[in-house]
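These are the residues of each chain, in order.
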Amino acid sequence: MKYIAVTLCVLFPFLLQAQDSTTTRSQTVRGTVLDAVSNAPLQGVTVAVMEGEKATQGAITDKTGSFKIKNVRLGRRVLRITAIGYEPYINDNVLVTAGKEVVLNVQLTERYSSTGEVAVVYDRSNDDAITNNEFTTVSARAFNLEDTKRYAGALGDPSRMAQNFAGVVGANDARNDIVVRGNSPSGMLWQLEGMNIPNPNHFGSLSSTGGPVSMLNNNVLDKSDFMTSAFPSMYGNAISGAFDLRMRDGNSEKYEFLGQIGFNGFEGGAEGPMWEGSSFLVNYRYSTLGVFKTLGINFGTGNAVPDYQDLNFKLKTKIGEHGTLTWLGTGGASSVVLLGTEMDTTKTDLYGQQNRNQYAKYKTGWTGLSYDDVLGENTFFKAMIGASATKEDYIGDSLAPVTRAVLPDQEANFTTVKLTALSNIRHKFDARTSLTAGFIVDRSTFDLYNRDNIGTPSERVYVDIKDNATLSQVYAQLKMRLTEDLTVNGGLHAQHYTYGNALAVEPRVGITASLSPTMSINVGYGLHSQAQNVYVYNVQTEQADGSVTFTNRDLGFTKSHHAVLGYDWFMSDDIRLRLEGYYQSLFDIPVERMASTYSAVNTGSDFGPTNKADLVNNGTGHNVGVELTLEHFFRNGFYFLLTSSLFDSRYKGSDGVERNTAYNTNYVVNALVGKEFRVSERGVFAANVKFSTTGGRYLTPIDLAASQEAGYAIYDNANAYSQRQSAYLRFDVKLSYRVELGASTMEFAIDLQNVTNHKNVFSQQYDPRTGTVVTQYQQGFFPVPTFRYTF
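All figures in this text were calculated on a predicted structure; none of them were measured in a lab. (Residues numbered from 1 in each chain as written. Predicted model: local features only at pLDDT ≥ 70, side-chain atom pairs only at ≥ 80, totals over all residues. Heavy atoms only, no water.)

Draft legend 1. The arrangement of the overall build of the protein in detail. Looking only at helices and strands, the protein features six helices and 45 strands. Its C-alpha radius of gyration of 26 Å places the protein within 12% of the 28 Å reference for a compact globule of 791 residues. The long-range fraction of contacts in the protein, counting pairs at least 24 apart against all pairs at least 6 apart in sequence, stands at 66%. Here the protein has roughly 31,200 Å² of accessible surface; of this, 57% comes from carbon and sulfur atoms. When the 69 basic and 79 acidic side-chain charges of the protein are each reduced to a single mean position, those positions are 4 Å apart. (Helix = DSSP H or I, 4+ residues; strand = E, 2+ residues; numbered from the N terminus. Rg over C-alpha atoms; globule rule 2.2 N^0.38 Å. Contact = heavy atoms within 4.5 Å. Areas by Shrake-Rupley, 256 points an atom, 1.4 Å probe, with all protein chains shown as cover. Lys, Arg positive; Asp, Glu negative; His and termini not counted. Charge placed at Lys NZ, Arg CZ, Asp CG, Glu CD.)

Here it is, written out as C-alpha cells:
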C-alpha cells in the first residue's frame, strides 16, 4: 500500500493538470486499406465514421490505399469500410484519445461469387472475431493491445493474457509459461513478423519458453494471433501452440511519446516520421521491482532484487511504389542473486531455496531486416534475414544445513546464436482460391557448459560442447472456397534437422461449413513435429577411459496428430459461442532406454535443464478434451469472457505405465467481465474482474524416510504424478481511470491480484534442516499500480 501512496503523490501534479487543461475534443483517424491476400492497396474504398446507421464523417482511399479523417470526436467510435467486390469491414470499438492518433491497417477479403451475383460466404467484418492469418480454421483467435491492458491479472503480458483463453493454463503464478491442452510449455512456437524467436522473457532459460517478466512490450505490439491446435502449414517445429506476433508501425506523420510506470518497469517510448514515407518506433523499459523491495513489498523473490531492462524498436520506409523495407529488433538483459543465507523462511519465495545461493544472468535479443512488395495486383512477396542470440550464466552454492557454510557446487554457461533466412509468397488466383508458400532456415551455433557437485568425488560435467545445427522448413497452403458455404484450407509442411538427420512431412487441413450466416462447423487436422532442445542432444556420458559419448544425438522429432471439431455460433452481433472437442496423439517422445517414469512431455516449465542421457523416441501420450467459449465482445463499454475446459492428459514412459502428465489439471474455468463508465466529459472509469479455477496439479510424492536418510529430497518415482494437490482458485480485480487532457491522455490503473489471498500450492520440497516436507505456496494478495501518459 505504501507503493500506491507514493505513486499517487508522484502523479498529483498530473491530476491537477487534468483539472485545468483545455480539452482537445477530437483526433485524427487514418490508415491504409489492403487486399487480404495480395496486400495490394485498394483505391476508392469508402471509410465512414458511423453514428447508428448514419455516416457522420468519411473519406475515400487514394491510389496507395490511404485515408484520413480529421476531427473525429474522442471516445469509442464505429468505423465502417466498404468497397465494391469486397466483404464489408466494421469495427465498432475504435478508441479515439487525445494523446495519440488512431492509425489502422485494414485488410479486406474479396467476396465470393459463383455466378454473376455477389454473396458473402464469410463475414470478416468483426475485427475481434477473426485472425490475421486467413488460413486458420480451428483453435485460433486474435488479440490486440487493448486486450492485454484490459484483462485483470494480465499485467500487459501477452502470455498471461492468453491464459484466459479456452484450453490454456498457466504453469504457476511466478512465471508466464503457457500450458496448452495439457502439453508442456516447451511445445510453444514464438514468431515475430514471421521470424522464429527464442524465449521472449526476462530470466528465460534455454530449456523453457516462459519466464517471470515478458520482454514483449504490449505498447509496441499490433493485433496478433494465438493458435492452440492444428495450425496452418506456415507454422512448424511446435506441437503445442503458436504465437504469431506483429509489431505495429510508428506514426509516419506525427511525433508521439509515451511514459509509463508499472509492474513491468519504468518505460518511455517515442515514434514518428524519419522522412517522407517512413516511420520509427522505439520503447525502452527498466525494472521497477527494486522500488517494490525498497518499499517493503514482498513480490515472491524474498530478499533478492531482480534487475532487468529491454529495448524494442521498428524502423520502416517505403521503397519504390509498393515496396517496404523494415528493420526491427528486441534486446533484453536480466540478473538476480538469490541468497539462501538471507532468505526469510516465513515469507513466500517462488524462486529461491533456503539451502542454496544462486547467481543468474540472462541476455536475449533478436533483429530482422525484411523487404516486401506487391507484384502486380494479386501477388505479395516477402523476404527476411535475421539473427537472434541468448546468453545464460549461472553459479550455484550449496549451504551446509547446520553450519550454513558456503560450498560452490554448480556452474552453467549457455550461449546460442541463430541466423535466419525466410521468404514467402502469397498469390490470389481469384476470389475463391489463394495460395501461400515459403521457407524458413535457422542456422544455430552454440557453446554449452554445465557441471555440478564441483570439488567432490561425484563431480560431473553434463554438457561441454561447441557445435552447430540447422533446421530447414518449407511449406505451402492452399485456400479454396468451393461454394458459398464451404471453405477448405489444405497445406503441407516439411522440416529437416541436422541433429539426428530428422525429417518430417506433415499434412494440414481445415474445413469450414456454414450452416447459416451466423453458424458454422469447423474441422481441423494436422501432423506436427518438434526438434528437441539443443541441450538435450548434447548431454554427455563419460566412459571408463575418460572419453565422452553423446547418447542423445540420434533423437528424432517428437510428433503429434491433432484433430479438432468445432462449432461457432454468433448469437448476435456482440456475442459468440464456440465449442471445440479435440484429440491429440503424441508419439516419438524422448524417454529413457531403461525402464523408468521419465518422459520429456513433463519438462519445460523450470529454469534449469534436464540432464537425462541415453534417451530414445519410444514415449507416447495423449490429450483429449472439450472446450467452451462464450464471449461478449467489447461493445458500448461492456464485455465478458467465459471459458471452460475439461480435459485429460496422460503419458507412458519407458516402463509402459500410463500416468498423469505434470500438466493434467483436468479442468479450468475462467470468468472475466468488465465495464467502462463515463464519469465526466473527459474522464472514463473502468472496472474489470476475473475469477479462475483449475484442478489441482499432480506431483510426485517425496519419500520422507529415504530423504531423511540421504539428507536431500528422494522422490517416489514409482508413483510419479499421483499425488494431487488442492484446486487452484484466484480472484483478480482491476480498476482504471482514463482522462483526456489538452493534447494528451493520462491513464491510471491498479490491478489487485488474488484479492482473497487464497493459498494455492506451488510445490513440495524436502527441508534437510528440519527433516520435513515443506509446502510452497503461490503468490498471495499483490496490488500492482500502473500509470500511463501519451502525448
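Draft legend 2. Representation of the pattern of salt bridges within the structure. In this structure the tally under the stated criterion is 44 salt bridges. When the shortest N-O distance is used, the salt bridge between R76 and E676 registers 2.7 Å. In this pair, R76 is assigned in strand β5 (residues 75-82) and E676 in strand β37 (residues 667-678), connecting sequence segments 600 residues apart. The buried category is assigned to R76, whose relative accessible area is 19%. Two residues, R285 and D310, come together in a salt bridge whose shortest N-O distance is 2.9 Å. Pair noted here: R285 is in strand β19 (residues 278-286) and D310 is in strand β20 (residues 307-319), with a separation of 25 residues, a long-range link. Each member of the pair, R285 as well as D310, carries the same accessibility label: buried. Put simply, R76, E146, K149, R150, E676, R738, E740, E747 and R788 are held in one network by salt bridges that share partners. (Salt bridge = Lys/Arg side-chain N within 4 Å of Asp/Glu carboxyl O. Buried < 20%, exposed > 50% of the residue type's maximum accessible area, 1.4 Å probe, protein only.)

Draft legend 3. Layout of the confidence of the model for the protein. For the protein, the average pLDDT comes to 88, and 91% of its residues sit at 70 or higher. Every residue in residues 114-126 is under pLDDT 50, and counting partners more than four places away or in other chains gives 39 contacts. (pLDDT = per-residue confidence, 0-100.)

Draft legend 4. Local environment of the pairing of strand β15 (residues 224-227). Here β15 shows two buried faces, one formed by S224 and F226 and the other by D225 and M227. Note: strand β8 (residues 140-143) against β15, four bridges, orientation antiparallel. Paired with R141 across the two strands is F226, which belongs to β15. Pairing analysis gives three bridges linking β15 to strand β16 (residues 241-245), with the strands arranged antiparallel. Of the residues in β16, the one forming a bridge with F226 is F243. (Pairing = 2+ DSSP bridges.)

Draft legend 5. Here's a closer look at the sheet that holds strand β3 (residues 54-60). Strands sit in the order β3-β2-β5-β6 across an open sheet of four strands; the sheet is antiparallel. Looking at strand neighbours, the two that pair on one side only are β3 and β6 (89-96), the edges of this open sheet. Between one strand and the next, the sheet's axes are offset by a mean angle of 30 degrees, whatever the strand orientation. Bridging between strand β2 (residues 46-51) and β5 involves five bridges; their strand directions are antiparallel. Within β5, the residue paired with M50 across the bridge is V78. (Axes fitted to C-alpha atoms, helices over the stretch in contact; angles between N-to-C directions.)

Draft legend 6. Geometry of the sheet that holds β15. Taken in spatial order, the five strands line up as β8-β15-β16-β11-β12 in an open sheet, and their pairing is mixed. On the outer flanks of this sheet lie β8 and β12 (195-196), each paired with one strand and no other.

Draft legend 7. Highlighting the side chain of N312. You can see N312 is positioned in strand β20. A polar atom in the side chain of N312 sits 2.8 Å from the side chain of T330. (Polar contact = N/O pair within 3.5 Å; in protein donor to acceptor, adjacent residues only side chain to side chain.)

Draft legend 8. Summary view of the nonpolar core. Ranked by size, the top nonpolar core spans 52 residues in total, and within it F263, L448, V463, Y497 and Y499 carry the most contacts. Setting aside residues up to four positions removed in sequence, F263 forms contacts with L155, V213, T288, L289, Y308, F782, V784 and P785. (Core = buried A, V, L, I, M, F, W, Y, C linked by side-chain atoms within 4.5 Å.)

Draft legend 9. Expanded view of the pairing of strand β24 (residues 406-428). Bridge count between strand β23 (residues 379-399) and β24: 21 bridges; the pairing is antiparallel. When the bridges of β24 are listed, E392 appears paired with F414. Sheet analysis places β24 next to strand β25 (residues 433-452), joined by 19 bridges and oriented antiparallel. Its bridge partner being in β25, N413 is matched across the sheet by Y449. In textbook terms, the turn of a hairpin is the stretch between consecutive antiparallel strands, and for β24 and β25 this stretch comprises four residues.

Draft legend 10. Main features of the environment of A142. Take A142: it is sitting in strand β8. Judged by relative accessible area, A142 falls into the buried class, the value being 5%. Placed 81 residues apart in sequence, A142 and K223 show a C-alpha to C-alpha distance of 6.8 Å. Setting aside residues no more than four positions away along its own chain, A142 makes contact with I130, T131, D147, K223, S224 and D225.

Draft legend 11. Quick look at unusual backbone geometry. The phi dihedral of R181 is positive, around 50 degrees, even though this residue is not glycine. Take R181: it is sitting in the loop between β10 (178-180) and β11 (188-192). A residue is classified by how much of its surface remains accessible, and R181, at 2% relative accessible area, is buried. Positive phi values are uncommon outside glycine, yet D588 reaches one of about 60 degrees. Among the structural elements, D588 can be located in strand β33 (residues 575-592). Residue D588 is classed as partly exposed on the basis of its relative accessible area of 25%.

Draft legend 12. A look at the side chain of Q532. Checked against the element boundaries, Q532 lands in the loop between β29 (519-530) and α5 (534-537). Since its relative accessible area comes to 11%, Q532 is described here as buried. At a separation of 3.0 Å, a polar atom in the side chain of Q532 contacts the main-chain carbonyl oxygen of G556. Leave out the neighbours within four places in its chain, and Q532 touches Y537, L555, G556, F557, T558, P590 and N617.

Draft legend 13. Layout of the packing of aromatic side chains. In the structure shown here, the tally under the stated rule is 22 aromatic pairs. Between Y151 and Y639, the aromatic rings sit 6.0 Å apart at their centres with planes inclined by 35 degrees, giving tilted as the arrangement. Within this pair, whereas Y151 is found in the loop between α2 (145-150) and α3 (158-162), its partner Y639 is found in strand β35 (residues 638-652), the two being separated by 488 residues in sequence. Across the pair, exposure class does not vary: Y151 and Y639 are buried alike. The side chain of R150 reaches across the aromatic face of Y639, ending 5.7 Å from its centre. (Phe/Tyr/Trp six-rings, centres within 6.5 Å; stacked < 30°, edge-to-face > 60°. Lys NZ or Arg CZ within 6 Å of the ring centre and 35° of its normal.)

Draft legend 14. Seen up close, empty space enclosed by the protein. Scanning the entire structure with this criterion turns up eight cavities of 30 Å³ or more. The computed volume of the largest cavity comes to approximately 560 Å³. Lining of the largest cavity is provided by 38 residues; of these, K149, R150, K734, E747 and A749 occupy positions nearest its centre. Looking at the lining of the largest cavity, the elements that each hand over two or more residues are α2, β17 (256-262), β18 (265-272), β37, β38 (683-694), β41 (728-740), β42 (745-753) and β45 (782-790). Counting residues per element, the lining of the largest cavity draws most heavily on β42, which supplies five residues. (1 Å grid on protein atoms, 1.4 Å probe; cavity = no way out; pocket = protein on both sides within 12 Å on 5 of 7 lines; lining within 4 Å. Points joined across faces, edges and corners; volume = space filled by probe spheres on them.)

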